[in-house]
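Observations on chain architecture
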Amino acid sequence: DSGVTQTPKHLITATGQRVTLRCSPRSGDLSVYWYQQSLDQGLQFLIQYYNGEERAKGNILERFSAQQFPDLHSELNLSSLELGDSALYFCASSVLAGVGADTQYFGPGTRLTVL
Amino acid sequence: LAKTTQPISMDSYEGQEVNITCSHNNIATNDYITWYQQFPSQGPRFIIQGYKTKVTNEVASLFIPADRKSSTLSLPRVSLSDTAVYYCLVVATGGGADGLTFGKGTHLIIQP
């Protein structure tokens, strides 16, 4: 158990819909990362937040957005969903602000299926 | 960017030692090497990290030659439960995009 929690575990929705994925980091970690993993693309970095502020952006689509709240939990919002958005979405947390600077602890993931 | 190259897949048998090599020809002075392990439908898990020579923990060893252009993750006496994807990352002190580049990893399959 990494100490990172993600909800929901599974999510099935239809094209065009909007969903919100939630992540709670390990106690004491201020950085939160979001990744997308699909079969053909591998593990792709989406976005990082540190103590409520956006730190780095990766291959995140404009239809996707995220935020980190004062209690340090984070939410990833996916809108206008397409079939190709079906994937595993992982959240990771770490201590340092530096982008990818220290060990990342990954949550169990949310499996999103878009029908 | 210190791009890494590692084999797409490997297989071995229970009880054998497995070595997975990662090439990182453009590694910078302040970079260190980190390996993660990922089981199916789970998030990656940190295995080991090193800067030079040899590092050993309860799970694996990491060998890094003097020129640091490659590294080898060594898993002693593997079991079926070591079947997973292994990712090699080059992480800069202070951070950088390389620390987020997991790539496709090496899919290790252990057979009985």
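Here the residue index of a chain counts from 1 through its sequence in written order. Chains carry letters from A onward and ligands carry numbers from 1 onward, assigned in written order. Given that this is a predicted model, residues contribute local features only at a pLDDT of at least 70 and side-chain atom pairs are listed and counted only at 80 or more, while totals for whole chains, interfaces and linings are drawn from all residues. Hydrogens and water are ignored here; the side-chain numbers use all heavy atoms of the structure.

1. Focus on the sheet that holds strand 5 (residues 53-56) of chain B
Residue and element names in this part refer to chain B.
- Only strands joined by at least two bridges in the DSSP assignment are considered to pair. Per the convention used, a helix needs a DSSP run of H or I reaching at least four residues, while a strand needs a run of E reaching at least two, with both numbered from the N terminus. Strands sit in the order 2-7-6-5 across an open sheet of four strands; the sheet is antiparallel. In this open sheet, the two strands that pair with only one neighbour each are strand 2 (18-23) and strand 5. Averaged over all pairs of adjacent strands, the angle between strand axes in this sheet comes to 15 degrees, irrespective of strand direction.
- Sheet topology places strand 2 next to strand 7 (residues 70-75); six bridges connect them, and they run antiparallel. Bridge pairing in strand 7 places valine 18 opposite leucine 75. Helix axes are fitted to C-alpha atoms over the stretch in contact, other axes to C-alpha atoms as well, and angles between N-to-C directions run from 0 to 180 degrees.

2. Details of the layout of surface pockets
- Detection works on a 1 Å grid of protein atoms alone, calling trapped sets that fit a 1.4 Å probe cavities and calling open sets with protein on both sides within 12 Å along at least five of seven lines pockets, with lining residues defined by an atom within 4 Å of a point. Grid points are joined across faces, edges and corners, and a volume is the space filled by probe spheres set on the points. Counted as a void, the largest pocket has a volume near 580 Å³.
- Lining the largest pocket are 24 residues, with Gln37, Ser38 and Leu39 of chain A together with Gln38 and Val85 of chain B positioned closest to its centre.
- Among the elements of the structure, strand 4 (31-38), strand 5 (42-50), strand 9 (87-94) and strand 11 (110-114) of chain A together with strand 8 (84-92) of chain B are those that each provide at least two residues to the lining of the largest pocket.
- Residue classes follow a fixed rule: Ala, Val, Leu, Ile, Met, Phe, Trp, Tyr, Cys and Pro count as nonpolar, while Asp, Glu, Lys and Arg count as charged, and any other residue, Gly among them, counts as polar. Across the lining of the largest pocket, the residue classes tally to eleven nonpolar, eleven polar and two charged.
- The calculated volume of the second largest pocket comes to roughly 340 Å³.
- Around the second largest pocket sit 17 residues that line it, and Ser2 and Phe106 of chain A together with Gly43, Pro44 and Arg45 of chain B are the ones nearest its centre.
- Broken down by class, the residue content of the lining of the second largest pocket amounts to seven nonpolar, eight polar and two charged.

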